[in-house]
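# Residue-level structural notes
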Amino acid sequence: MTEVAMTNGLLLAGILFTLGLTSLLVRRNLIFVLMSLEVMLNAAGLAFVVAGARWHQADGQVMFLFILAMAASEVAVGLALAVEIHRRFKSLDVDTLSNMRG
Amino acid sequence: MLELLWLIPALPFASALVLMLSGSRFPQKAATALGVGSIGISALLTLLVAASFFIAPPADHSYTQLLWTWLNVGGFKPDIALRLDALSLVMVLVVTFVGFLIHVYSAEFMMEDEGYSRFFAYMNLFVASMITLLLGDNLLLLMLGWEGVGLCSYLLIGFWYREPANGHAARKAFVVTRVGDTLMLIGLLLLFTQLGTLQIQDLMQRASERWPAGSGYAVAAALLLLGGAVGKSAQLPLQVWLPDAMAGPTPTSALIHAATMVTAGVYLIARTHVLFSLAPAAQFAVAFVGAATLLLAGFSALTQHDIKRALAYSTVSQIGYMFLALGVGAWQAALFHFFTHAFFKALLFLCAGVIINALHEEHSIFKMGGLRKELPVAFWTFLIAGCSLAGLPFLTAGFFSKDLIIWEAWSADHGHPGFWIAGIVGALLTSLYTFRLIFRVFFGPLGTPVTKRLGYAMTIPLAVLALFSFGAGYLKAPLLNFLHSALPATMEAHAGGMTETGSEAVAAVVFLVGLYFAYLFHLQKRSLAEAAVLNPLGSLLHRWWFAGWGFDWIYDKVFVQPFIWAAQVNKSDFIDAFYSGVAWLADLFYRGLSRTESGRLRWYAAGMAVGSVVFLAMVLFR
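The residue numbers shown here count from 1 along each chain, following its written sequence. Chain letters and ligand numbers both follow the written order, the letters beginning at A and the numbers at 1. Only residues with pLDDT of at least 70 are given local features in this predicted model, and only at 80 or more are side-chain atom pairs given and counted; all residues enter the totals for whole chains, interfaces and linings. Just so you know, side-chain values use all the structure's heavy atoms and leave hydrogens and water out.

## Topic: the overall build of chain A
Starting at the N terminus, helices and strands are each numbered in turn, a helix being any DSSP run of H or I of at least four residues and a strand any DSSP run of E of at least two. Within chain A one finds three helices and zero strands. Put simply, chain A runs from its N terminus to its C terminus through helices and strands in the order α-α-α. We compute the radius of gyration over the C-alpha atoms and compare it with the globule rule, which gives 2.2 Å times the number of residues raised to the power 0.38. Rg of the C-alpha trace for chain A: 17 Å, well past the compact-globule value of 13 Å for 102 residues, more than 25% over. With the principal axes as the frame, chain A shows a C-alpha extent of 50 × 25 × 25 Å. Type-normalised accessible area, obtained with a 1.4 Å probe on protein chains alone, sets the label of each residue: buried when under 20%, exposed when over 50%, and partly exposed for intermediate values. Counting all 102 residues of chain A, 26% fall into the buried class. Residues count as neighbours in contact if any of their non-hydrogen atoms are within 4.5 Å of one another. Contacts in chain A between residues at least 24 apart in sequence constitute 57% of all its contacts with a sequence separation of at least 6. The Shrake-Rupley method, run with a 1.4 Å probe sphere, supplies the accessible areas, and residue values consider only the shown protein chains as cover. Split by element, the accessible area of chain A, about 7,000 Å² in all, is 71% carbon and sulfur. Here chain A contributes 7 positive and 7 negative side-chain charges, whose respective centroids are spaced 12 Å apart. Counted charges follow a simple rule, with Lys and Arg positive, Asp and Glu negative, and His plus the chain ends left uncounted. Working definition for charges: the position is that of NZ of Lys, CZ of Arg, CG of Asp or CD of Glu.

## Looking at the packing of aromatic side chains
Between rings of Phe, Tyr and Trp, where Trp is taken as its six-membered ring, a pair exists when centres lie within 6.5 Å; planes separated by under 30 degrees are stacked, by over 60 edge-to-face, and by other angles tilted. Evaluated as defined, the whole model comprises 36 aromatic pairs over all chains. Seen in terms of ring centroids, Tyr122(B) and Phe159(B) are 6.3 Å apart; in terms of plane orientation they differ by 90°. Their pairing is edge-to-face. Of this pair, Tyr122(B) sits in helix H4 (residues 116-135) while Phe159(B) sits in the loop between helix H5 (139-157) and helix H6 (164-195), placing them 37 residues apart in sequence. Of the two residues, Tyr122(B) and Phe159(B), both sit in the buried class. When the ring centre of Phe32(A) is taken as origin, the NZ or CZ atom of Arg27(A), which lies over that ring, is 4.3 Å away. Comment: the charge-over-ring label is applied if NZ (Lys) or CZ (Arg) is within 6 Å of the ring centre and within 35 degrees of the ring normal.

## Focus on the interface of chain A and chain B
With 13 residues of chain A at the contact, the number on the chain B side is 11 residues. Once two parts are brought into contact, the accessible area they lose, counted with a 1.4 Å probe and summed over both, makes up the buried area. Overall, the association of chain A and chain B removes approximately 890 Å² of surface from exposure, summing both partners, and the carbon and sulfur fraction of that is 61%. Whenever a carboxyl oxygen of Asp or Glu lies within 4 Å of a side-chain nitrogen of Lys or Arg, that contact is scored as a salt bridge. Connecting chain A to chain B are one salt bridge. Its salt-bridge partner being Arg602(B), residue Asp95(A) comes within 2.7 Å of it at the nearest N-O pair.

## As for unusual backbone geometry
Residue and element names in this part refer to chain B. A cis geometry characterises the amide bond from Leu236 onward to Pro237, with omega recorded as 0°. Along the polypeptide, Pro237 turns up in the loop between helix H8 (216-232) and helix H9 (241-244). Backbone geometry places His360, a non-glycine residue, at a positive phi of 60°. With respect to the helices, strands and loops of the structure, His360 is situated in the loop between helix H15 (331-358) and helix H16 (371-374). Note on His360: relative accessible area 65%, which makes it exposed.

## Some details on the pattern of salt bridges
All names here are of chain B. In total, this model carries 13 salt bridges over all chains according to the counting rule given. Arg178 serves as the salt-bridge partner of Glu147, at 2.6 Å between the closest nitrogen and oxygen. Taken together, the residues span a long stretch of sequence, with Glu147 in helix H5 and Arg178 in helix H6 at a distance of 31 residues. Overall, Glu147 belongs to the partly exposed group, its relative accessible area being 23%. Taking the relative accessible area as the measure of exposure, Arg178 reaches 31% and is therefore partly exposed. The closest approach of N and O atoms between Arg178 and Asp181, which form a salt bridge, is 3.3 Å. Of this pair, Arg178 and Asp181 are both found in helix H6, three residues apart, which corresponds to roughly one turn of the helix. Given the relative accessible area of 2%, Asp181 is considered buried. Salt bridges sharing partners connect three or more residues here, namely Lys172, Asp244, Arg309 and Asp552.

## Looking at helix H1 (residues 6-26) of chain A
To estimate how far a helix should reach, multiply one less than its number of residues by 1.5 Å. With 21 residues, H1(A) extends 30 Å between its outermost C-alpha atoms, agreeing within 8% with the 30 Å of an ideal straight helix rising 1.5 Å per residue. Within the sequence span of H1(A), burial applies to Gly9(A), Ala13(A), Gly20(A) and Leu24(A). Within H1(A), the buried residues cover an arc of 40° as seen down the axis, which keeps them to one side. Opposite the buried face of H1(A), by more than 90 degrees, sit the exposed residues Thr7(A), Leu11(A), Leu19(A) and Val26(A). Among the structural elements, helix H2 (30-54) of chain A together with helix H27 (601-620) of chain B are those in contact with the buried residues of H1(A). It is the directions from the helix axis to the C-beta atoms whose arc is reported.

## Describing the confidence of the model for chain B
Confidence scores labelled pLDDT are given residue by residue by the predictor and lie between 0 and 100. Here chain B averages 86 in pLDDT, and 99% of its residues register 70 or above. The ipTM value of the predicted complex is 0.85, and its pTM value is 0.79.

## A closer look at the environment of Ile102(B)
Relative to the helices and strands, Ile102(B) resides in helix H3 (residues 86-109). Ignoring any residue separated from it by four or fewer positions in sequence, one finds Ile102(B) in contact with Met123(B), Pro251(B), Ala254(B), Leu255(B), Ala346(B) and Leu350(B).

## Concerning H27(B)
Residue and element names in this part refer to chain B. Across its 20 residues, H27 extends 28 Å between first and last C-alpha, which sits within 8% of the 28 Å expected from 1.5 Å per residue. Those residues of H27 lying buried are Arg602, Ala605 and Ala609. In a view along the axis of H27, the buried residues occupy a sector of 60°, so they form one face of it. For H27, the exposed residues lying more than 90 degrees away from the buried face are Trp603, Met608, Val610, Phe615 and Met618.

## Section: the packing of helix H14 (residues 307-328) of chain B against helix H19 (residues 417-442) of chain B
Residues and elements named next belong to chain B. Axis angles are defined between N-to-C directions and span 0 to 180 degrees, where every axis is a line fitted to C-alpha atoms and, for a helix, only to the segment in contact. Two numbers describe how H14 lies on H19: the axes approach to 11 Å, and their chain directions differ by 160°. Between H14 and H19, the angle falls in the class roughly antiparallel. In this structure, the crossing between H14 and H19 has a hand that is left-handed. The residues of H19 that touch H14, namely those facing Ile307, Ala310, Leu311, Ser314, Ser317, Gln318, Tyr321, Leu324 and Val328, are Phe419, Gly423, Gly426, Ala427, Thr430, Tyr433, Leu437 and Val441. Split by residue class, the contact of H14 with H19 holds 11 nonpolar, six polar and no charged. Oblique is the label for every angle not falling under 35 degrees (roughly parallel), over 145 degrees (roughly antiparallel), or within 65 to 115 degrees (roughly perpendicular). Handedness of a helix crossing follows the sense of rotation of the near helix relative to the far helix, less than a right angle counterclockwise being left-handed and clockwise being right-handed. Polarity classes work like this: nonpolar for Ala, Val, Leu, Ile, Met, Phe, Trp, Tyr, Cys and Pro, charged for Asp, Glu, Lys and Arg, and polar for all others, with Gly in that last group.

## Description of a nonpolar patch on the surface
Patch membership needs two things, relative accessible area over 30% and no salt bridge, and members are linked within 9 Å if like-charged or within 5 Å if nonpolar (Val, Leu, Ile, Met, Phe, Trp, Tyr). A cluster of nonpolar residues, Trp553(B), Ile554(B), Val558(B), Phe559(B), Val560(B), Phe563(B) and Ile564(B), forms a patch on the protein surface that exposes about 730 Å² of accessible area. Note that Val558(B) resides in helix H25 (residues 551-569).

## With respect to the pairing of strand E2 (residues 79-85) of chain B
Residue and element names in this part refer to chain B. With seven of its seven residues buried, E2 lies for the most part within the structure. With burial as the criterion, each face of E2 is covered, one bearing Asp79, Ala81, Arg83 and Asp85 and the other bearing Ile80, Leu82 and Leu84. Paired strands are those between which DSSP finds at least two bridges. In the sheet, strand E1 (residues 62-69) pairs with E2 via seven bridges, with the strands oriented antiparallel. The partner of Ser62 across the bridge, within E2, is Asp85.

## Considering the environment of Val328(B)
Residues and elements named next belong to chain B. In this structure, Val328 sits in helix H14. C-alpha separation for the pair Val328 and Ile200, spaced 128 residues apart in sequence, amounts to 22 Å. Apart from the residues within four sequence positions on either side, Val328 is in contact with Gln283, Ala287, Glu408, Ala409, Ala412, Asp413, His414, Gly415 and Phe419.

What follows is the structure, encoded as structure tokens:
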């Protein structure tokens, strides 16, 4: 098994995270916002796995499992909210949902 | 018998408390019984204590009764302890005895006043505070009594509080004496920090051990105490409050503003005479203040229309004599003059009260006249007291005490011929203004008609006080002898071509001259007095003296007006600007931050991202 250089792995994770963050900030559709969140979570998970591989520790993969579980529950709650929001406001545009401004 | 000492202040204090707490619920008779009775018993107890003090003098001619320790903090341990010696005994005797007579008089005088029991509550509190002041074993307890009498003075000057002028007079008295009290407090602190105690005997002993004569500390402490004495005793430059203090009921003027409280300054200086002996400069200041005050107040008394104001200036002038005596080192003479002055000045005020009452609140002596036949008791007692004040030679108490001071102002070791001349001129003025009052009020054509006669409760105190005004002078030798254990005798230094008899002869001549001129101007040819007031110089002097040498005007311009100006300029307190600035800043931040609360999800996410980046950068590139 050939080892991936840590720098490359972390670089990939960073690119993924930045992409996710950018699309989170750019996209207005709630579904896309949730998807960008998934990308960011997976980028973080990738960083853990790469780090675990570097030090030959299982902890990185354990953390990734936690992140998967969390991402799954987040998607469940997030999609439920998206359905409810769509039902109530007839829209998924997050910018129009600014009723709670100060 | 000496163990009963604590009851003397405690009884009036308890009665004052009861009267205050009961409000006006007590029937008048009960209030009288309590108010007058407590002072009566106090006076009786004082007589008992004095008798046992005379018969079996305690060791060292002083008796200290320790009641309890007031507080004990870091080496500062003032006791509630009463100290009886010749000095305080004489003062307490006068205060309780004259106080009792004035209370009896007040029982009738204040009969129709709605504040009857309030009046007695204040008067009793006053007597209790005054006795505390006199018997206090340490300067802190003395200060407690000192402030207590100041409070009662304030309350009683403003007794008829519905009249705004009375409230103004009360505040003036309080604020002006407060200036002196503050100086005195600083003096106390100086003494405590330097000598480590406030117990008067220890203090005097340590002062004479540690401070050489004329040392800076001694002079500073003595001058600060003098400041307190000057405020309380209405001497220059703080004399302005006493004439206005006559706004109070007349018994108050008699007791507080003539006989007792205003002599507290004399007592303070006599009590701390060791300190003043160590500070010749301060002692000279005492004599100078006394001499200047007795002259200025004498001239002012000559011009007053209001009988009570004239008597008030006379009081200021007579206390000036006491200060002069203290200043030249004639401690006993000062106390002797206090003793006689208390009787005749209280009597003069009580007579003035009778007259004002009888003429339906008429105060102006120019509207009175011919009362000799109408109010015979008041006439004879006023005449006796007036003769005593003016110093009718070789008969009256005032002659003995005043001429002792005048003589010792020259012959004592700190004496000076200048002081003697001031005393003699003062005696001339005293004689002039006293007989001016007598001739204006009791002689000549009938002025305002009499509407009210006096009853027994007012007659008896007048008679008793008249007896003492006349006879107290014969107690001169025993009194001075008795005081010897507490106050050193006068050091006779230089007679300078003058003998005691010579001085007395001059004083007697001066008395007759004053009497003659008063007769000429105010009875025989009243047109002369009017002419004197009408010519330009005379009218200028008259107005100047009438206004008390313009001190009120100067103080108004120098202190009151700038203060009012500053208060008006600073109406919106400049310190407030700081706090409203803080509030404005908080408001600004609130508005700025609430702008960021836009409700937009992406905006928040961006904020979190930027925040994380900033924090990460701070951690990484620290």
